[in-house]
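Take a look at the letters that make up each chain.
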Amino acid sequence: MSLKRISIIFLNVMKLSLKLNLWSTIYFNFKVLPFRQAIKLPFHFFGKTDFANLSGKFIIQTKELHFGMIVFGGKHEVVISSNVPTRIFNSGIIEFKSEAKFARGINIMVWNHGLLSFGDDFSIGSLSRIICFRRMNFGNQVLISWECQFFDTDFHFIKEQNSGIKDNCGEVHIDDESWIGARSTILKNTTIPKKSIVGANSVCSGNYTEKYGEGILIAGIPAKLLKTGVSYITDKKQEVDLFAYFENHQNQIFN
């Protein structure tokens, strides 16, 4: 790596040092990544951290790896304020396709043979939990609100008199451009379709893609189909423009 490149990285670190948890950022990158990746400091940590277990693999799949592309504890979310630490326990595999934003107080746990994958432009709100024992996959441009829970396991086993003991783990798949509302819970063996919306406080279980196809709104306990032919606005600039439009055109429809 050239001296110029090293100097640019050093200056970037100095600019962030008053806000960035510099010790956790440096420690984590050099602990879990090959040196050629770690030197670019792709992982950034803000606030308190609890690295409960880093014995598993952390894989960044893109060749266009850059400074601060994966952020934990960032302040991109302004709705929730929390001093709860970012907690990471990984004895399995966590994969990142590209950019990802994790707000404050996130708890991620991947068990021994678990595989957790994040697509490009992933974003999750504060105080959310992701618990992966087997396989969990988030597609591209997935948006998750605060205090959500994702489990691919029941944690404990149940013995039934007539049928014995069943597998307590499954898989979870959240397809591209999905939006998960606040305080929702996604259980094992659940698939959320592409361009779909899960209403706040919902509990999802089952393959909604097979049942209803793409572009759906589901909500409730358990979550049921409410609408078809819907999707959330993924373009952030358009979202800002829409806020401005509806300030002057309240209760109207934008076409």
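Residues numbered from 1 in each chain as written. Predicted model: local features only at pLDDT ≥ 70, side-chain atom pairs only at ≥ 80, totals over all residues. Heavy atoms only, no water.

Enquirer: Requested: an account of the overall build of the protein, with residues and values cited.
Expert: From N to C terminus, the protein includes five helices and 24 strands. For the protein, the spread of C-alpha atoms along the principal axes amounts to about 65 × 60 × 35 Å. Relative to its 255 residues, the protein shows a buried fraction of 45%. Contacts in the protein between residues at least 24 apart in sequence constitute 39% of all its contacts with a sequence separation of at least 6. Accessible surface, the protein: about 14100 Å² in total, of which carbon and sulfur atoms supply 54%. Seen as two clouds, the 29 positive and the 22 negative side-chain charges of the protein have centres 6 Å apart. (Helix = DSSP H or I, 4+ residues; strand = E, 2+ residues; numbered from the N terminus. Buried < 20%, exposed > 50% of the residue type's maximum accessible area, 1.4 Å probe, protein only. Contact = heavy atoms within 4.5 Å. Areas by Shrake-Rupley, 256 points an atom, 1.4 Å probe, with all protein chains shown as cover. Lys, Arg positive; Asp, Glu negative; His and termini not counted. Charge placed at Lys NZ, Arg CZ, Asp CG, Glu CD.)

Enquirer: An account of the nonpolar core is needed here, citing residue identities and associated values.
Expert: With 45 residues, the main nonpolar core has Phe102, Phe138 and Phe150 as its most contacted residues. Apart from residues lying up to four places away in sequence, Phe138 is in contact with Leu116, Ser117, Phe118, Gly119, Phe122, Ile130, Ile144, Phe150 and Ile174. (Core = buried A, V, L, I, M, F, W, Y, C linked by side-chain atoms within 4.5 Å.)

Enquirer: Residues and numbers for the sheet that holds strand E18 (residues 179-180), please.
Expert: Across the sheet, nine strands lie side by side as E1-E4-E7-E10-E13-E18-E21-E23-E24; this open sheet has mixed pairing. Whereas interior strands pair on both sides, the edge strands pair on one side only; in this sheet they are strand E1 (43-45) and strand E24 (224-228). (Pairing = 2+ DSSP bridges.)

Enquirer: So what's going on with unusual backbone geometry? Which residues, and what values?
Expert: Across the junction of Ile221 and Pro222, the peptide omega takes the value -5°, indicating a cis bond. On the secondary structure map, Pro222 appears in the loop between strand E23 (216-219) and E24.

Enquirer: Before we move on, can you summarise the packing of aromatic side chains with the specific residues and values?
Expert: Per the stated rule, a full pass over the model turns up 26 aromatic pairs. Between the aromatic rings of Phe43 and Phe96, the centroid separation amounts to 5.3 Å while the plane-to-plane angle is 75°, which identifies the pairing as edge-to-face. Taken together, the residues span a long stretch of sequence, with Phe43 in strand E1 and Phe96 in strand E6 (residues 93-96) at a distance of 53 residues. Owing to a relative accessible area of 2%, Phe96 belongs among the buried residues under this scheme. (Phe/Tyr/Trp six-rings, centres within 6.5 Å; stacked < 30°, edge-to-face > 60°.)

Enquirer: Outline the pattern of salt bridges, supporting the account with residue identities and numerical values.
Expert: On inspection of all chains with the given rule, the structure shows five salt bridges. Asp50 is the salt-bridge partner of Arg87, the closest N and O atoms lying 3.6 Å from each other. Placement of Arg87 in strand E5 (residues 86-90) and of Asp50 in strand E2 (residues 49-53) is noted, with a sequence separation of 37 residues between them. A residue is classified by how much of its surface remains accessible, and Arg87, at 28% relative accessible area, is partly exposed. A salt bridge links Lys237 to Asp241, with the nearest nitrogen and oxygen atoms 3.2 Å apart. Separated by four residues within a single helix, Lys237 and Asp241 lie in helix H5 (residues 236-248), roughly one turn from each other. (Salt bridge = Lys/Arg side-chain N within 4 Å of Asp/Glu carboxyl O.)

Enquirer: Summarise the sheet that holds strand E8 (residues 107-110); cite the residues concerned and give the values.
Expert: As summarised here, the arrangement of the seven strands in space is E2-E5-E8-E11-E14-E19-E22, forming an open sheet in which the pairing is parallel. Of all the strands in the sheet, just E2 and strand E22 (203-204) have a single pairing partner and so form its edges. Here strand E19 (residues 185-186) runs beside E22; their pairing, made up of two bridges, is parallel. When the sheet's bridge partners are listed, Ile186 is paired in E22 with Cys204.

Enquirer: So what's going on with a nonpolar patch on the surface? Which residues, and what values?
Expert: Nonpolar side chains collect at one region of the surface, where Ile26, Phe30 and Phe35 lie side by side and expose about 300 Å² of accessible area between them. Mapped onto the elements of the fold, Phe35 is located in helix H3 (residues 35-38). (Patch = residues over 30% accessible without salt bridge, like charges linked within 9 Å, V, L, I, M, F, W, Y side chains within 5 Å.)

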